Amino acid sequence: METRVYPYLGEQNIGIEGPKRLLDRIEGNIDEKAEEKLKYDGIVRVFEGDIRKIVRDKTAEYVSIRDNKKRDIDGWDYMRYKTHVQTIWRKNSLEYDVKNHLSNDETGALRCFKRIYYNLPGSKNKTLLHASAVDIGQNGVLIVGKKRTGKTTLAFNMVDKLGASLVEGGNSLISFNDKLRVHYLPRSIFARFFTIAESPYLYSLFEDIESSETQQPWDLEAIRDVIKSKSFSIDGGLNFSRRAFRRLSGKDTLQVSAIKSVTFPSYSNQKIPKINSISIEEAYTRMLDREFKIYSEFGKFQDQDNPEHSQEPILNPEWLEGLKLKTVSFDGNKNITNSLLEDLIS
């Protein structure tokens, strides 16, 4: 067993203990370099039990959680269909144990890593938004919206066409201290099948799913059926690690960016994309609808269609002063041009 400590966001030192092979896998989603001499503020200990094969059973949900009562502390079993694949135990708010029954499963350690951070002072006055984020020449672009509105599609087009660096691909951590900033989360990136199908570098994931360096959110057999039939309009996609994204794209990922513009995308049947500037009040209302409660506990999944909001919003309309605030509607990748992207951030 080996212990690595990461100075996450330069704010809190979070340790992970486990087998070297598994730590290498987990590290693919953490941008900071491990520092051996750091004293950790919280720690996740990961170990592997008997390795199991997921048995397909359509009478059960693909992903579910149940309470684990085998210790005198809080615990949760994670299920794939009816196959028990992982258990997480909370010793206290800054110390977790994870037992995996899937080989090279980084998901539990990363869940605990985030929960530890949410229980530390560094997370104070930060909030979580359903948003992607990129950085273009030290100018951050926050792309906010519900699922299937084009957030990731727009972000990857900015990476491809404008040379942007990716900060976050789905849920973004937001803070304000003189400037609005977006911070990455230690988690895999998710892209829908149709986005991957139209990407010159992500398409290779269809040919080698293992090159994603991460667990997938759906049944692998079902994913392979989608790829084989090219049914890319299905509501689903693939996860891939931040490290895999850098390798495949040849582009950087960033830990943090100062936001200069906020975009609210949507798909439409219009052949000509449409951009509108909006007021601070409208932008704030839209962002408030996509603000998630930061969970420091386990035992439930976040519903992205109907997010549970904090009792007192952390977002403040004053955070948006001086920013470019725009909506954009477009019909998929085919009409996202360089000039459209440049108009969005200008």
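Nothing here was measured: the structure is a model prediction, and the numbers come from that model. Within each chain, residues carry numbers counting from 1 in the order of the written sequence. Reporting of local features is limited, given that this is a predicted model, to residues whose pLDDT is at least 70; pairs of side-chain atoms are given and counted only at 80 or more, and all residues count toward the totals for whole chains, interfaces and linings. No hydrogens and no water enter the side-chain calculation; it runs on all heavy atoms of the structure.

1. What to know about the sheet that holds strand β1 (residues 2–8)
Right, on to step 1. Judged by pairing direction, the sheet is mixed, and its 7 strands sit side by side in the order β1-β2-β3-β7-β6-β5-β4 without closing on themselves. The two strands at the open ends of the sheet, each matched to only one other strand, are β1 and β4 (63–67). Each strand axis lies, on average, 20° off the axis of its neighbour in the sheet, ignoring direction.
Right, on to step 2. For two strands to count as paired, DSSP must find a minimum of two bridges between them. The numbering of helices and of strands both runs from the N terminus, where a helix is a DSSP run of H or I of at least 4 residues and a strand a run of E of at least 2. In this structure, β4 lies alongside strand β5 (residues 74–80), joined through 5 bridges in antiparallel fashion. Across the sheet, the residue bridging to Val63 is Arg80, located in β5. Where helices are involved, their axes are fitted lines through C-alpha atoms of the stretch in contact, as for all axes, and angles between N-to-C directions lie from 0 to 180°.

2. Some words on unusual backbone geometry
Right, on to step 1. Although it is not a glycine, Leu9 adopts a positive phi angle of roughly 55°.
Right, on to step 2. Exposed residues in this analysis have more than 50% of their type's maximum accessible area, buried residues have under 20%, and partly exposed residues fall in between, with area computed by a 1.4 Å probe over protein chains only. The buried category is assigned to Leu9, whose relative accessible area is 16%.
Right, on to step 3. In this structure, Gln138 takes a positive phi of about 70° despite not being glycine.

3. Some details on helix α8 (residues 280–289)
Because an α-helix packs 3.6 residues into every turn, residues spaced three or four apart end up facing the same way.
Right, on to step 1. Looking at α8, one finds that the buried residues are Ala283, Tyr284 and Met287. An end-on view of α8 places all buried positions within 100° of arc, on one side of the element. When the buried face of α8 is taken as reference, the exposed residues oriented beyond 90 degrees from it are Glu281 and Thr285.
Right, on to step 2. Against the buried residues of α8 lie β8 (127–136), β9 (139–144), β15 (256–267), β17 (291–292) and β18 (324–330). The arc in question is the one spanned by the directions pointing from the helix axis to the C-beta atoms. When checking whether two residues touch, look at their non-hydrogen atoms; a contact exists if any pair is within 4.5 Å.

4. Comments concerning the pattern of salt bridges
Right, on to step 1. Here, a salt bridge means any Lys or Arg side-chain nitrogen found within 4 Å of an Asp or Glu carboxyl oxygen. Applying the stated rule across the entire model yields 26 salt bridges.
Right, on to step 2. The partner of Arg45 in a salt bridge is Glu17, and the shortest N-O contact between them spans 3.7 Å. One end of the pair, Arg45, is in strand β3 (residues 42–48); the other, Glu17, is in strand β2 (residues 12–18), and 28 residues separate them in sequence.
Right, on to step 3. Owing to a relative accessible area of 19%, Arg45 belongs among the buried residues under this scheme.
Right, on to step 4. For Arg90, the salt bridge is made with Asp74, and the minimal N-O distance between the two is 2.0 Å.

5. With respect to the nonpolar core
Right, on to step 1. One finds Tyr8, Leu142, Val262 and Met287 to be the most contacted residues of the largest nonpolar core, which totals 52 residues.
Right, on to step 2. Per element, the largest residue contribution to this core is 7 residues, and it comes from helix α2 (residues 107–118).
Right, on to step 3. The contacts of Met287, once residues within four sequence positions are left out, are Leu129, Leu142, Val144, Val262, Phe264, Leu315 and Leu320.
Right, on to step 4. Buried Ala, Val, Leu, Ile, Met, Phe, Trp, Tyr and Cys residues that are joined via side-chain atoms within 4.5 Å together make up what is termed a nonpolar core. Of all hydrophobic cores here, the second largest spans 36 residues; its members include Ile136, Ala191, Phe232 and Phe240.

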